[in-house]
Amino acid sequence: MKKRLVTLLAGLLTVLSMGFGLAQFSDVPAGHWAKEAVEGLAAKGILVGFPDGTFRGNETLTRYQAALIIYRLLQQIEEELKAKGESPTMEAMSSEDLEALKNAIQELAAELAALGVRVSALEDSAATKDDIARLEAMIEELRAQPMPEVEPGMDQAALQDLMDRVEAASIAADTALAQAQQLAEQLDALAQDVEGVKGDVAALSTQVEANAQAIQALNELAVLLNQAVLSLQDRVTALEKGLADLQGVDFEEFATKEDVAAVQEFAAALRSDLVSLSEKVSKLEGQVADLSKVQYSIKGSLTATYGMVTLAGTNNFDIDRLFATPFSTGVFGASQVASNVILPDVASRQLTGGSLTLDFSVRNTAPAATGVAVSEATVQTAFAATITSGGGFNANPAIRLNAATIRGTVDGQPFSVAYNRVASSFQFNDYLFVNKSDPAGQEPRQGVVATFQGTKLPLTPDVTVVLGGSNAGGIFETTYFGIRAALKPLEGLTLALNYALADTPAAGAGNPDRSALGMDGTLKLGDFSVKGLFVTSRPATGIYFQNYFDPTISDWVYYVQLDGKLGPLSLKANYHAVDPDYAGGVAGMSADHLAYYGGVTGRQNPAPYPDNEEGLGVELGLPVGPVELGGYLNSYGAYPYTPAPGVINTEAGASAKVALFSGFSLRAAYDAAWTGASYVDLNTQTSAGITGTLSHDGAAKDALVKDLNLTLRGSYDLLANTFGLAVYGDYKLAFGPLSLDKILFRYSDPNLSTGGNETLKGGLQASLKLDGLPFKPSLTGEVAARQTGGSGGTEELKWGVGLSLGEFLFPGSKLEARYGEYRASNVASILVGATNKAFDPSDDRLYSGGGGNSGSLAGFNVTWSYYDFRADYGEYITSLGDHARTFRVTYTTRF
């Protein structure tokens, strides 16, 4: 192989030498057939010869020398291309020459790759540095000695030739190693420069770029070798391998043309098989994609329950004050049980029964772009059978369609149709058909909601249609209907028209029909937005669309809200008027208004503004450096407001808040209110006070104490000349398995000067998990207490403990037991009402405010579960003699 490479390079160099200038070598005699070619290449820098000025043309070409020659040749081509955009050298080469040069590069790359393996093997068996040093000294000593006499029969010319080749190999190796890095970089650069050259030049560039990596790998390997070992062993390798390549090559080991043809034929057949296989895979993928466009799913559950609630006594009571159980979602009593379901006035209720639920869904992941295309459809069904109070099964078991939904597009415009049996959800605007958030069962609505977004139609209408009814009482007695269309005539402007009709209850008027018209809209202009609304609702008068605009017959609500910024100043303003008949959502046919609160600062009324009120409000905010300034003004009277005999209620205030350091902030505020015939009448002032609040946020990144929330609030009542103080907060921390989930404290006194009104409140919630012990037990405990007014005042105490065995007797089995007590004196109620504030540090109460009732409530509950099987048993008793027993066994399987 090496011999062929040498011959090839010699031929190429001879061709490329045409037209070059001449350079002299001392050992190239005049008239030699290759003298002109050798000296021409030397003049171009492609050949440089040896340091002693000789060419040594009879020596074998080494791998390093071949690399240098090709590298300099490529440099020559690159310089020509950069200079004129063309290469005379390349043009002078025939297609055969170019092909030969590419083959030479390929052969050289293979040789260089093999060299790495040989050098590694040589390194493993290399002599020590001392051995190498002694050997080199011996070589130098031999060189210094005169040439010995030639023994008879020895070829003196061959011996001299051999020594010259050893010296040439050494010089060539040293030179190649010094230029290996530069060779790799130049090959990469050349590959990019020659990329645009057509034909064979482009092919050569690609090959050069590929070979650069192999040459770079050789350079990295050579740098790591010991310099002394590398120098000596390269000389030996060049001598031994050169002789072996020339004398021991078996040319029959190389593949014949027939072998190459056979391999090419096999590769063509393999390529054909791969193309066929690729076509089959593509077809199969298409079939899978078609099948996956439509996805079906069915899931459901089957539940069987046996149990009852037994009640004794005459007073209702709520065991939510003790702890959470499956039965603590409402009030116990002779006519009320869990979930506030109204029952006959009996002393017990059967819980025995069964239910089956099935949910079906179909989804099309690639619906059609035109026409009506359904992308998703879901159905939720249920079958329920219960035991009556007499002990038999219900003669008419319930088979119900709980919910169904269809979603899709009409020419790419989305639509949806949704049905719900008890909680159909929709909202037209703030005061009309607001039925999205009321508790399930509070205001039953069975009906359909259909929506369509005409994204491709003029004004891009968004249409909602609702239809349904209920026979369970509430806001909708029998039927309801409504339609809403929202349009976008301009960028940033949305206008909506509404119509609604329903059978609603009205005090002292039976069940008359009520209908309403409404209009609302929003406008956004830069940093400002304006929102407005008008709704007129009236009881039925026999003719629809009549008397809507007579405020003496119809019930009106309207408001305008402005929200925006003027530089750093933020502004909120409103003018509003709400008829009294909108209380409780009656005029607006809105169930959410039973529990929907909001409004401007300091107000807690049905949102967004209370009924029977007409007035205005303004809020301002202005950051000044680290300080946030704020202020508000509310002025309102009864609807409809009449200035002459009317009463004006005015509320005003100002505040400043500054963030301090380490999670602390400070806020100061002034609040006042007047009631009179004018906006500001100090003689009718009802309240005026100054409040200062220092707070620490335990969740702040720079909190002084992480998880510690602390508030210190002081107040001064300007009218009563009294001072008030409140300090409260909470904290949590953990010690290994012990977790103190909440440590609560509170002190408050609205009048420090008189005393006797202070409140002390404290609480602790903790848990201990011992998963490493048998049964994996965990303990929970809580206690909260408060006292207001000292001895004889209002007192509340709540405490409870719980034990949970995460692995009771066998895997999957879990046992939980809880016990709790609530005791109170001088409260409004010990059994029902009020909100759970037991662990709220900002409130004085646990559950109830002051009053004249005292007593206690206690109970326990035990729950055992094994995967989807669950058994519950509980006993609860009050100090008034009321008693409840709960028992239930239920099993649920899901599929």
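This write-up is about the structure you can find in this document. This one's a predicted model, so the numbers in the text were calculated from it and none came from an experiment.

About the thresholds
- In every chain, residue numbers begin from 1 and rise along the written sequence.
- Two thresholds apply to this predicted model, a pLDDT of at least 70 for residue-level local features and 80 or more for giving and counting side-chain atom pairs, whereas whole-chain, interface and lining totals are computed over all residues.
- Each side-chain value is worked out from all heavy atoms of the structure, with water and hydrogens disregarded.
- Going along the chain from the N terminus, every DSSP run of H or I of four or more residues is numbered as a helix, and every run of E of two or more is numbered as a strand.
- Three labels apply to residues, based on accessible area from a 1.4 Å probe with only protein chains included: buried if under 20% of the type maximum, exposed if over 50%, partly exposed otherwise in between.
- Contacts are assigned to residue pairs with any non-hydrogen atoms lying within 4.5 Å of each other.
- Here the Shrake-Rupley method, with its probe set to 1.4 Å, supplies the accessible areas, and only the displayed protein chains count as covering residues.
- Each salt bridge in this description consists of a side-chain nitrogen of Lys or Arg and a carboxyl oxygen of Asp or Glu lying within 4 Å of one another.
- What counts as a ring pair is set by centres within 6.5 Å for rings of Phe, Tyr and Trp (its six-membered ring), and what kind of pair is set by the plane angle: stacked under 30 degrees, edge-to-face over 60, tilted for all other angles.
- For a ring to carry a charge above it, either NZ of a lysine or CZ of an arginine must fall within 6 Å of the ring centroid while also lying within 35 degrees of the normal to the ring plane.

### Points about the overall build of the protein chain
Consideration 1: Check the secondary structure of the protein chain and you find 10 helices and 31 strands.
Consideration 2: Considering the protein chain as a whole, with its 895 residues, one finds that 35% of them fall into the buried category.
Consideration 3: Intrachain contacts of the protein chain at a sequence separation of at least 6 include 55% that bridge at least 24 residues.
Consideration 4: By element, 59% of the accessible surface of the protein chain is carried by carbon and sulfur atoms, the whole surface being about 48400 Å².

### A word on helix α2 (residues 35-43)
Consideration 1: Burial of α2 is extensive: seven of the nine residues sit out of reach of the surface.
Consideration 2: The complete set of buried residues in α2 reads Lys 35, Ala 37, Val 38, Glu 39, Gly 40, Leu 41 and Ala 42.
Consideration 3: Of the residues flanking the end of α2, it is Gly 45, one or two places downstream, whose phi is positive at about 85°.

### So, the pattern of salt bridges
Consideration 1: Following the criterion strictly, the structure yields 15 salt bridges and no others.
Consideration 2: The shortest N-O distance in the salt bridge between Glu 782 and Lys 798 comes to 3.7 Å. Of this pair, Glu 782 sits in strand β26 (residues 777-788) while Lys 798 sits in strand β27 (residues 794-805), and the two are 16 residues apart along the sequence. No difference in accessibility class separates Glu 782 from Lys 798, as the two residues are buried.
Consideration 3: We note a salt bridge from Arg 845 to Asp 843, for which the minimum N-O separation is 3.1 Å.
Consideration 4: Overall, Arg 845 belongs to the partly exposed group, its relative accessible area being 24%.

### Structural notes on the packing of aromatic side chains
Each aromatic ring pair is summarised here by two numbers: the centre-to-centre distance and the angle between the ring planes.
Consideration 1: Applying the stated criterion to the full structure yields 19 aromatic pairs.
Consideration 2: Both rings, one in Phe 428 and one in Phe 433, keep their centres 5.2 Å apart while their planes meet at 50°; by these two values the pair is tilted.
Consideration 3: Since its relative accessible area comes to 0%, Phe 433 is described here as buried.
Consideration 4: Taking the centre distance of 6.3 Å and the plane angle of 85° together, the rings of Phe 433 and Tyr 480 count as edge-to-face. With Phe 433 in the loop between β6 (413-420) and β7 (446-453) and Tyr 480 in strand β9 (residues 479-490), the pair connects residues that are 47 residues apart, well separated along the chain.
Consideration 5: We classify Tyr 480 as buried; its relative accessible area is 1%.
Consideration 6: One aromatic cluster is present, built from ring pairs that chain together Phe 426, Phe 428, Phe 433 and Tyr 480.
Consideration 7: Over the ring of Tyr 548 we find Arg 538; its NZ or CZ atom is 4.7 Å from the centre of that ring.

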